Amino acid sequence: MRRHLITAALLAAILPATLPAQSAKEIKKAAELITPKAVLERISVIADDSMGGRNTPSAGLEKVAIYLADNYKKWGLLPAGENGGYFQRYTMVKRAADLAASYLEVDEMGTVSHYRFDKWAFPTGPMTGLPISGPVRILAGTVTPATIAPLTLTGQVVLWVQDGARAADNNLLNRALVAKAPAAILILTNQDLTLFNSRMAQSRTGGRGMLEGFPVSGVPTLTMHDSIFAGDPQTANRPNWHDLRVSKSPVVMDAPDGVSVTLLLKDVELSRFTAPNVVAMVPGSDPLLKQEYVVFSGHMDHVGTADDGVGGCRPFTRPDNTIDTICNGADDDASGTTGIFSIAEAMAKLKHKPKRSIVFLNVSGEEKGLLGSAWYAAHPTLPMDKVIADINMDMIGRNATDSIVVIGKEHSDLGVTLAGVQKQHPELKLVAADDIWPEENFYSRSDHFNFAKKGVPVLFFFNGTHPQYHRADDEVKLIDTSKLARVAKLGFYFGVEIANRAVRPKWNPESYQLIVVEGKTPPAVKKAGT
């Protein structure tokens, strides 16, 4: 026993009481690896024409995944994917509407009109093959999300008389309607017929990708062109759609007595394939805390080309009148991918690693509905209850030079920690601003949201959209590489701080109840002065 005590005393004298701490100098030296030149080199590979727009699935997406994994291996990051490798693969099923089996019936006081979808209409959203019916609520005129906010639409069929010219407003309205969980949405639009026909063709040939075994989210929706009623003998008995559409005030009304609709949407499988996520890790230095993880996430996919039938991107006419159809997605999200990729190198080069482990997750399928991150959240390669934070970067290379919007600060104490890190690094000349577009609900529109729903505190670094968003001219030449490098540096310092803190980040209790327990999307809150 005495000999054991002497041995313990000798070991205590020889070994340090704690692991060697990272010095500020060492951390700064690692951060200096993140330069405008380095990020330009990397984003030029990821958003190159040779990647073909990185659609999910595509050969270009696979090439980017290999490029990332090869560099992680070269820098000494450990594989953290499946089967001891850097990759996690998931199965997607592409499905399209079964037009022969789908229909809309309108019963007007006993007179039933039956519509097939061979022309003038296309369905989207969940297609269960089960009939949907319910009381009809008509929306038209200058309806806004604020108009929709107080409405109770659960179980109702919403007929939205939409003005196709209000494209941006319509996107906001559609999200507001879906959030109200109606039984179905019928959209009657006067959209330009050429554009409508293009959307209709894309919905029928491109199909919709979804995760195998996952329920399809959303609300069954049927988009119809005014032409569907051309020559219909019942037209004279219906409301004047034009007058409703151009009303100077919001129109919210129940359908006339005796009017009901039945909608049946059915789909068929077109194909199935697999797609990659890339997962790498810098192990922590603390014997206990290394079993906890700080995740950096970003999506490496984009939407392919403007002529591949998937939709979601518009071609660009160059000054020489040639047409660019490759949607390179330099900002969305080659910039975020480059940001966390560059942070990974800096973390790997630290001689003394942070106490907790740092994970780098490059997901795919974000543009198809956050599919890759949804799969990872449901099938994590590391214990999800040990993930203490997710830092997501999606579009961080454009807009205001000296600020980056960071969404989600109000939901946990991560925002306070970030404010402290920003204050410690005035040399970055970068403001981590609050969400200035709460009405857009960006909190639920990128990959961090799938972590939040699993109980992980998140922050989302995002510079907002711009005229090149989902256009073929979202090119590397428009990226502000100085901003991109500085955002990545801030993320690096922030990640080190979280990984070294004595306690895990904490949720705001109200947010935890709403997002994690109830599974809801936080409501938009416009702050004074924004």
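It should be noted that the structure appears before, not after, this text.
Below, the structure is looked at part by part. (Residues numbered from 1 in each chain as written. Predicted model: local features only at pLDDT ≥ 70, side-chain atom pairs only at ≥ 80, totals over all residues. Heavy atoms only, no water.)

Summed over all chains, the structure comprises two cavities of 30 Å³ or more. Roughly 50 Å³ of volume is contained in the largest cavity. In terms of lining residues, the largest cavity is bounded by Asp413, Leu414, Thr417, Ile498, Arg501, Val503, Arg504 and Pro505. Here the lining of the largest cavity is composed, by residue class, of four nonpolar, one polar and three charged. (1 Å grid on protein atoms, 1.4 Å probe; cavity = no way out; pocket = protein on both sides within 12 Å on 5 of 7 lines; lining within 4 Å. Points joined across faces, edges and corners; volume = space filled by probe spheres on them. Nonpolar A, V, L, I, M, F, W, Y, C, P; charged D, E, K, R; others polar.)

The residue Asn450 is located in helix α12 (residues 448-452) in this model. A relative accessible area of 9% means that Asn450 is categorised as buried. At 2.8 Å, the side chain of Asn450 forms a polar contact with the side chain of Ser373. (Helix = DSSP H or I, 4+ residues; strand = E, 2+ residues; numbered from the N terminus. Buried < 20%, exposed > 50% of the residue type's maximum accessible area, 1.4 Å probe, protein only. Polar contact = N/O pair within 3.5 Å; in protein donor to acceptor, adjacent residues only side chain to side chain.)

Relative to the elements of secondary structure, Arg398 occurs in the loop between β18 (387-393) and β19 (403-407). Buried within the structure, Arg398 lacks any salt-bridge partner; Asp474 is the closest side chain of opposite charge, at an N-O distance of 4.5 Å. Here the side chain of Arg398 touches Gln468 through a polar contact of 2.7 Å, side chain to side chain. Side-chain polar atoms of Arg398 contact the backbone oxygen of Leu478, separated by 3.4 Å. Leaving out residues up to four positions away in the same chain, Arg398 has contacts with Asp331, Asn463, His466, Gln468, Asp474, Leu478, Ile479 and Lys483. (Lys, Arg positive; Asp, Glu negative; His and termini not counted. Salt bridge = Lys/Arg side-chain N within 4 Å of Asp/Glu carboxyl O. Contact = heavy atoms within 4.5 Å.)

Where helix α3 (residues 36-46) meets helix α9 (residues 330-349), the closest approach of the two axes is 9 Å, and the angle between their N-to-C directions is 130°. When the interaxial angle is binned, α3 and α9 end up oblique. Handedness of the α3/α9 crossing: right-handed. Here Val39, Arg42, Ile43 and Ile46 of α3 lie close against α9, whose contacting residues are Ala330, Ala334, Ser335, Thr337, Thr338, Phe341, Ser342 and Glu345. A breakdown of the residues in the contact of α3 with α9 according to their chemical character gives six nonpolar, four polar and two charged. (Axes fitted to C-alpha atoms, helices over the stretch in contact; angles between N-to-C directions. Parallel < 35°, antiparallel > 145°, perpendicular 65-115°, else oblique. Left-handed = near helix turned anticlockwise from the far one by under 90°.)

Moving on, we get to the pairing of β18. Where burial is concerned, most of β18 is hidden: seven out of the seven residues are buried. The sheet contact formed by β18 and strand β21 (residues 458-462) spans four bridges and is parallel. Following the sheet pairing, Met393 is matched in β21 by Phe461. (Pairing = 2+ DSSP bridges.)

This next bit is on the nonpolar core. In terms of nonpolar packing, the biggest core is built from 65 residues, with Tyr72, Met347, Phe360, Phe461 and Phe492 touching the most fellow members. Among the elements that make up this core, the one with the highest residue count is helix α13 (residues 481-500) (11 residues). Within the second largest apolar cluster, 29 residues are counted, among which are Val295, Ile407, Tyr443 and Val458. (Core = buried A, V, L, I, M, F, W, Y, C linked by side-chain atoms within 4.5 Å.)

Relative to the helices and strands, Lys290 is located in the loop between β13 (259-282) and β14 (293-299). In the structure, Lys290 is positioned 34 residues away from Pro256 in sequence and 64 Å away in space, judged by C-alpha atoms. When neighbours within four sequence positions are excluded, Lys290 is seen to be in contact with Gly284, Lys355, Arg356 and Ser357.

Following the criterion strictly, the structure yields one disulfide and no others. With its sulfur 1.9 Å from that of its partner, Cys313 forms a disulfide with Cys327. Across the S-S bond linking Cys313 and Cys327, the dihedral sits near -100°, which makes this disulfide left-handed. With Cys313 in the loop between β14 and β15 (316-317) and Cys327 in the loop between β16 (323-324) and α9, the pair connects residues that are 14 residues apart, well separated along the chain. (Disulfide = S-S within 2.5 Å.)

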